[in-house]
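Structural overview for review
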Amino acid sequence: MTARATESASQPPADAWRVLVPVAAVAMLAALWASLFYAPTERVMGDVQRIFYFHVPAALTMYVAYGLVFLASLMYLWKRQERWDELATAAAEVGTVFATIVLITGPIWGKPVWGTWWVWDGRLTSTLVLWLIFVAYLMLRSYGGDGQQVARYCAVLGIIGFVDLPIIHYSVTWWRTLHPGAVIMTEGSIGQGVESSMLITIVLGVVATFLLFALMLTLRLRLERLQRRAIAAHERVREQR
Amino acid sequence: MSGLRRIACIVGKDLRSELRTKEALTSTVFFALLVLLVFNFAFDPGTRDVTVVGAGILWIAFLFSSILAMNRLMLNEREDGGIEGLMLCPVPRTSLYLAKCATLLLVLLASETVTLALFVLFFDPPLGGGLVELALVVLLGTIGLVSLGTTFAAMAVRTRTREAMLPLLLIPIAVPLLIAVVEATSAVLSGEGLGQEQKWLQLLLAFDVLFLGIGYLTFPAILEE
């Protein structure tokens, strides 16, 4: 454990976050402005529809993050390099933040439009289940035991959880569905049926959210590396005594 | 020894030790009986249509009692260096997965048969001639639970929270399986049969094949020391 921890800890922590802070901040402000002032008010739903400009990008980001957990888990089981485990840890945590944002913004929109905070619809249910899987993943991270054991266990869960996604999707969709279907990318056409300023706003939202995700991920990764370096240093001191 | 015979040896050893104490069998059957009792008070299905809530009651009894059995069988290996002994056997780790799955499946099928008989006795669902179909659904559903349960129980007993971890890992992943078995079982219990519900059987089959495959491939990574 000590040998592995030192090997990865010897790499300097990534500094990309210094650049990402101003870039992500500007993009977030631009997306906020566009969603509140630039995009027109939706005819039927009214102002509450504007929450889409953050709800949808957060959902996309959640899938990207959990996709990263899957890839990093596969790579860890294959290569057994600690950096893949660090990436999986960071992506799972940040992904769960975005999943939580999706689950909070959804009901805020659902109450005025559907008349209820929550319905047991296909997409809502599968998002909740996905969130639960990764909360279990984070608990396994906390209680899973020593460094390499917890890394292996989490890699297995990361793979099982991601492979489960399409099955969860089909099972709950067959069960029932009410969530509005995809409006932007329907079969054969992209962007038809949506006001162009709305489309621009949502693209801006996606870009801003991805930048925010990249920033959070690099910061979390940096923290994880520093933490592991501290643990390795602590163990070295103890061995020398 | 061929691969299958090695697996049969380990299953034989596990079943022998289970039959001596009957720990997993008695605790799962008794627990399932308690679940049936609690749901009888909670829903009073005598007055309501048992076809509406029956499938749910049955599968909650199966699910919760299977969690007990999974933990029991893995905790046995933890004591007295059992798992270390198994890992020293000249058997591939992937075979250990299949052996553990087989033992768990046999124990669960035995306890589920008793639970099912008690369920029919207490709630008297209009089964019609659906017993074979019901057996098929229970078999496919149990294989799915076993494929995940073996992996997750092997992890859970080595975490700091021990057996408390297993349901947290198992239940969210098993959601599609639970939806499928409850829908299919409802169709059988109401006497309609599986004619309209083929898709749930296909989903169960896909679930079983997929997670047995992943469990088989990843088990060596869980047992590593």
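Residues numbered from 1 in each chain as written. Chains lettered and ligands numbered in written order. Predicted model: local features only at pLDDT ≥ 70, side-chain atom pairs only at ≥ 80, totals over all residues.

For the rest of this paragraph, the subject is the overall build of chain B. Helix and strand counts for chain B stand at nine helices and zero strands. From first element to last, N terminus to C terminus, chain B shows the α and β order α-α-α-α-α-α-α-α-α. Its C-alpha atoms give chain B a radius of gyration of 18 Å, near enough to 17 Å, the size a compact globule of 225 residues would have. The dimensions of chain B, computed from C-alpha atoms along their principal axes, are 55 × 30 × 30 Å. Every one of the 225 residues in chain B was classed for burial, and the buried ones make up 44%. (Helix = DSSP H or I, 4+ residues; strand = E, 2+ residues; numbered from the N terminus. Rg over C-alpha atoms; globule rule 2.2 N^0.38 Å. Buried ≥ 20, exposed ≤ 12 C-beta atoms within 10 Å, placed from the backbone.)

As a further point, take the overall build of chain A. Assigned secondary structure in chain A consists of seven helices and two strands. Starting at the N terminus and walking to the C terminus, you meet the elements of chain A as α-α-α-α-α-α-β-β-α. Across the 241 residues in chain A, those meeting the buried criterion constitute 39%. If you take every contact in chain A between residues at least 6 apart in sequence, the share linking residues at least 24 apart comes to 79%. (Contact = placed C-beta atoms within 7 Å.)

Okay, the environment of Gly122(A) next. For Gly122(A), the position within the fold is in helix 5 (residues 122–143). With 20 C-beta atoms counted inside 10 Å, the residue Gly122(A) sits in the buried group.

This part takes up helix 1 (residues 3–21) of chain B. All names here are of chain B. Its 19 residues give helix 1 an end-to-end C-alpha distance of 28 Å, which sits within 8% of 27 Å, the value for a rise of 1.5 Å per residue. Every buried residue of helix 1 is listed here: Ile7, Asp14 and Glu18. Burial along helix 1 is one-sided: seen end-on, the buried residues are contained in an arc of 40°. Opposite its buried face, helix 1 presents the exposed residues Arg5, Gly12, Arg16, Leu19 and Arg20, each directed more than 90 degrees away. Of the residues flanking the end of helix 1, it is lysine 22, one or two places downstream, whose phi is positive at about 55°. (Expected span 1.5 Å × (residues − 1). Arc of directions from axis to C-beta.)

Residue and element names in this part refer to chain B. Phi at lysine 22 is positive, roughly 55°, even though this residue is not glycine. Note on placement: lysine 22 falls in the loop between helix 1 and helix 2 (23–43). The class of lysine 22 is exposed, set by 11 C-beta atoms lying within 10 Å. The phi dihedral of aspartate 124 is positive, around 50°, even though this residue is not glycine. Judged by C-beta crowding, with 12 C-beta atoms within 10 Å, aspartate 124 ranks as exposed.

Here chain B shows a mean pLDDT of 88. Residues at 70 or above account for 98%. Interface confidence for the predicted complex, expressed as ipTM, amounts to 0.89; the pTM equals 0.88. (pLDDT = per-residue confidence, 0-100.)

What follows covers the nonpolar core. Counting residues in each nonpolar core, the largest one holds 120 residues, and the members touching the most others are Ala65(A), Val69(A), Ala88(A), Ala91(A), Cys154(A), Leu166(B) and Leu169(B). If sequence neighbours within four positions are ignored, Cys154(A) has contacts with Ala88(A), Tyr137(A), Leu140(A), Arg141(A) and Gly144(A). (Core = buried A, V, L, I, M, F, W, Y, C linked by C-beta atoms within 7 Å.)

Moving on, we come to the confidence of the model for chain A. Here chain A averages 85 in pLDDT, while 87% of its residues score no lower than 70. Contacts of residues 1–10 of chain A to residues separated by more than four positions or lying in other chains number 22 contacts, the stretch itself having pLDDT below 50.

It is worth spelling out the interface of chain B and chain A at this point. Taken residue by residue, the interface counts 24 residues in chain B and 28 residues in chain A. Secondary-structure elements contributing two or more residues to the side of chain B that touches chain A are helix 6 (131–156), helix 7 (165–173), helix 8 (175–189) and helix 9 (198–223) of chain B. If one sorts the elements of the side of chain B that touches chain A by residue count, helix 9 of chain B sits on top with eight residues.

To continue, consider the packing of helix 6 of chain B against helix 9 of chain B. Residue and element names in this part refer to chain B. Look at helix 6 against helix 9: their axes get within 8 Å of each other, and the N-to-C directions meet at 25°. Compared by their axis directions, helix 6 and helix 9 come out roughly parallel. Handedness of the helix 6/helix 9 crossing: left-handed. Between helix 6 and helix 9, the residues in contact are Leu140, Gly141, Ile143, Gly144, Ser147, Leu148, Thr150, Thr151, Ala154 and Met155 and Leu201, Leu204, Leu205, Phe207, Asp208, Phe211, Leu212, Gly215, Thr218, Phe219 and Ile222, respectively. Across the contact of helix 6 with helix 9, the residue classes break down as 13 nonpolar, seven polar and one charged. (Axes fitted to C-alpha atoms, helices over the stretch in contact; angles between N-to-C directions. Parallel < 35°, antiparallel > 145°, perpendicular 65-115°, else oblique. Left-handed = near helix turned anticlockwise from the far one by under 90°. Nonpolar A, V, L, I, M, F, W, Y, C, P; charged D, E, K, R; others polar.)

Note on placement: Ala136(A) falls in helix 5. Sequence-wise, Ala136(A) and Leu32(A) are 104 residues apart; in three dimensions their C-alpha atoms are separated by 33 Å. Not counting the four nearest positions on each side in its chain, Ala136(A) is found in contact with Leu168(B), Leu169(B) and Pro172(B).

Next up on the list: helix 4 (residues 82–114) of chain A. Quick reminder: α-helices carry 3.6 residues per turn. Residues three or four places apart thus point the same way. The terminal C-alpha atoms of helix 4 of chain A, which comprises 33 residues, lie 46 Å apart, in line with the 48 Å expected from a rise of 1.5 Å per residue. With its phi angle positive at about 85°, Gly115(A) sits one or two positions after the end of helix 4 of chain A.

Residues and elements named next belong to chain A. Helix 7 (residues 196–240) packs onto helix 4 with a crossing angle of 135° between their chain directions and a minimal axis gap of 9 Å. With respect to each other, helix 4 and helix 7 are oriented oblique. As for the relative orientation of helix 4 and helix 7, their crossing is right-handed in sense. Two secondary-structure elements touch here, helix 4 through Glu86, Leu87, Thr89, Ala90, Ala91, Glu93, Val94 and Phe98 and helix 7 through Phe213, Met216, Leu217, Arg220, Leu221, Glu224 and Arg225.

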